[in-house]
Amino acid sequence: MRIRTDFLVIGSGIAGLAFALKAAAHGKVTVVAKSAVEETNTRYAQGGIAAVMYDPDTFEKHVHDTLIAGDGFCNEEVVRMVVSEAPERIAELIEEGVEFDKRPDGLFDLGKEGAHSEYRILHHKDNTGGMIQHTLVRNARRHPNITILENHFAIEIITQHHLGEQNITRAKTDIQCYGAYVADLKGNKVITILSPVTLMATGGAGSVYQTTTNPEIATGDGIAMVYRAKGLVENMEFVQFHPTSLYNPGARPQFLITEALRGYGAILINSAGEKFMNRYDQRGSLAPRDIVARAIDNEMKTRGEDYVYLDCTHLDAAGLREHFPNIYEHCLRLGIDITMNMIPVVPAAHYLCGGIKVDMSGRSSIDRLYAIGECSSTGLHGANRLASNSLIEAVVYAHRSAIDAVSRFRSIRLEERVPDWNYEGTSHNEEMVLITQSYREVQSIMSNYVGIVRSDLRLQRALSRLEIIYRETEDLYKKSYISARLCELRNMINVGYLIIKMASKRHESLGLHYSIDYPRRKGTEF
Ligand code: FAD
Ligand code: SIN
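Residues numbered from 1 in each chain as written. Chains lettered and ligands numbered in written order. Predicted model: local features only at pLDDT ≥ 70, side-chain atom pairs only at ≥ 80, totals over all residues. Heavy atoms only, no water.

Caption draft 1: The arrangement of the pattern of salt bridges in detail. In this structure the tally under the stated criterion is 41 salt bridges. Its salt-bridge partner being K22, residue E92 comes within 2.8 Å of it at the nearest N-O pair. With E92 in helix α4 (residues 76-96) and K22 in helix α1 (residues 14-23), this pair connects stretches of sequence that are 70 residues apart. Among the residues examined, E92 registers a relative accessible area of 26% and is labelled partly exposed. A salt bridge links R283 to D281; its shortest N-O distance comes to 2.9 Å. Three or more residues joined by partner-sharing salt bridges are found here, namely R2, R4, E416 and D420. (Salt bridge = Lys/Arg side-chain N within 4 Å of Asp/Glu carboxyl O. Helix = DSSP H or I, 4+ residues; strand = E, 2+ residues; numbered from the N terminus. Buried < 20%, exposed > 50% of the residue type's maximum accessible area, 1.4 Å probe, protein only.)

Listed below in structure tokens is the structure:
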């Protein structure tokens, strides 16, 4: 089966849908999502979306905070662009129907998070992502030019490789994307979707770790697809661990305790009752995430404990319930009344700063292929993302890539020579158990050897263990019918490999990448 469309969008989070709603004014948009349309990282976002709104905040301050958090590794031109375009994109979200909390005087009730020097986080209670996701889905469903295909899994993007061209390398500069092979998971068939323009908006890869705030869908599929198609991927070593997920062994995803709670006055303490963050950084509990996560990791290891505490018992109880109803209810269901009890918290894999390398219009190194949102690497986050800069990056790049794609899609002809998917393969009874086991092994390797603190030896060990699973999985893939779980496993192995390889090459500690073998940043060793 073939579908022809003007814009193929892979992913239904904030990035994919914000692009779709813009492109739909000019042509037919097909959005594919591998699960339910609402099941995205976006839906889980709590703290909010960063933008300069009022005095005394300024663009210059937001730029400065982003550059400092990024540990000097950001692309300053990109930072300036995103920060200065942010307020217009916020105004558009509001026009779409997104509601942000306001104060009694009618101004937005801005929050503050780690490493922000001003109050600039627009939010909807502690459920900002849910509000944004719900609004964009509602509008996309209503739009006559948008078709949403749920439970449709993108397997590969289509390039010259599928026309029989051999020896395509990463150095080749004229690779083109003609669309994607997409498995209809309910109809059990693979569809060829042809499009002049394909947008990758597949989100992050937290699922490659055991403990993560990300939902199961976050398996890095888009990054793996683009890497296999010989597109450029960068900065994968910069995996952000959120300092405060609720300690609840075995829970997937780990429930997030938003940084906004620390912005509201909550304080990290250890089991001895010490406000330990002051020993690590003068900004205390509101230091940048990489610093706070490493400090918690260190406290847990040196004290031999499984978690530290976030204490909000000194804060006004009614205010807590009013501002953080989602967290209050969730913790209460587990027997923790946050107005009276301290919250046990641990760091969890949260966000991938690297990804598919793109320019300021979201163009990847593959022609006709754009990438935006968490699967992309724009240069905004550098070596460590500033809190709440992800949602805003997604909408700024949705706007820019839509302008660019709309300006050219009519001049691009569909590539009709693309063959349909080759269905050869068999199904294996033991397949599911093998896949599930390998899945867990990948997560365990990544968590044990490629986590917050790394070393050459740990990375080497991770690579050699992962290579075994890689060979076994490729073997199974060649013999088997396509299944979403098997494709995800392949993608996770691919993403794990990229994180390990890029971490191994970085002989310094920078932002989120910390190695005990190279504890300093290059140029600062003595
Ligand atoms: P997602 O929203 O993750 O969407 C990915 C989409 O791709 C999904 O529709 C999925 O089905 C689809 N997909 C993936 N692979 C395939 C495939 N193979 N085939 C078809 N479809 C596929 N950021 C902030 O700025 N502020 C916050 O307050 C904040 N809080 C957060 C809280 C939590 C708990 C988490 C997990 C993240 C938070 N983040 C926050 C980060 C932010 O939510 C994400 O970076 C952002 O939502 C990513 O949006 P996206 O559109 O790129 O991807
Ligand atoms: C949070 O609410 O702490 C998450 C914010 C983010 O990841 O940007």
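Caption draft 2: Geometry of the site of ligand 1. Taken together, 38 residues are adjacent to ligand 1, and S12, T42, G48, E374 and S390 come closest. When ligand 1 is considered free in solution it has 1000 Å² of accessible area, and contact with the protein chains removes 98% of it. (Near = heavy atom within 4 Å. Areas by Shrake-Rupley, 256 points an atom, 1.4 Å probe, with all protein chains shown as cover.)

Caption draft 3: Focus on the sheet that holds strand β17 (residues 369-371). Pairing is parallel in the open sheet, where five strands are placed in the order β6-β3-β2-β10-β17. At either margin of the open sheet sits one strand with a lone partner, and together these are β6 (146-149) and β17. Going across the sheet, the axis of each strand differs from the next one's by a mean of 20°, ignoring polarity. Two elements, strand β10 (residues 197-200) and β17, share three bridges in a ladder whose sense is parallel. Bridge pairing in β17 places T198 opposite L369. Running at roughly 170° to β17, helix α12 (residues 389-408) makes contact with β2 (7-10), β10 and β17 of the sheet. (Pairing = 2+ DSSP bridges. Axes fitted to C-alpha atoms, helices over the stretch in contact; angles between N-to-C directions. Contact = heavy atoms within 4.5 Å.)

Caption draft 4: The nonpolar core, seen in detail. Counting residues in each nonpolar core, the largest one holds 71 residues, and the members touching the most others are M200, Y209, I223, V450 and I499. Here this core takes 10 residues from helix α15 (residues 484-505), the largest share from any one element. Sequence-distant contacts of Y209, that is, excluding residues within four places in its chain, are made with V239, F241, R252, A349, Q443, M446, S447, V450, G451, R454 and I499. (Core = buried A, V, L, I, M, F, W, Y, C linked by side-chain atoms within 4.5 Å.)

Caption draft 5: Fine view of the site of ligand 2. Around ligand 2, a shell composed of Q46, G47, E113, H242, L256, T258, E259, R289, H350, R385, A387 and S388 is seen. With respect to ligand 2, the side chain of H242 contributes an N or O atom lying 2.7 Å from an oxygen atom. Here an oxygen atom of ligand 2 sits 2.5 Å away from a polar atom, N or O, in the side chain of T258. Alone, ligand 2 offers 260 Å² of accessible surface; in the complex the protein occludes 93% of this. Counted by class, the shell around ligand 2 contains two nonpolar, six polar and four charged residues. (Polar contact = N/O pair within 3.5 Å; in protein donor to acceptor, adjacent residues only side chain to side chain. Nonpolar A, V, L, I, M, F, W, Y, C, P; charged D, E, K, R; others polar.)

Caption draft 6: Fine view of the sheet that holds strand β14 (residues 308-311). With respect to topology, four strands assemble into an open sheet ordered β12-β15-β14-β13, the strand pairing being antiparallel. On the outer flanks of this sheet lie β12 (239-246) and β13 (267-269), each paired with one strand and no other. Going across the sheet, the axis of each strand differs from the next one's by a mean of 45°, ignoring polarity. In this sheet, strand β15 (residues 343-352) lies alongside β14 in antiparallel orientation, the contact comprising three bridges.

Caption draft 7: Main features of the side chain of S480. Of note, S480 is situated in the loop between α14 (456-479) and α15. From its side chain, S480 meets the backbone oxygen of L476 in a polar contact 2.6 Å long.

Caption draft 8: Structural detail: helix α13 (residues 431-449). Between its terminal C-alpha atoms α13 stretches 27 Å, which fits the 27 Å expected from 19 residues at 1.5 Å a residue. Among the residues of α13, those classed as buried are E431, I435, S438, Y439, V442, Q443, I445, M446 and Y449. Packed against the buried residues of α13 are α14 and α15. (Expected span 1.5 Å × (residues − 1).)

Note that all results are geometric; they support no functional claim without further evidence.
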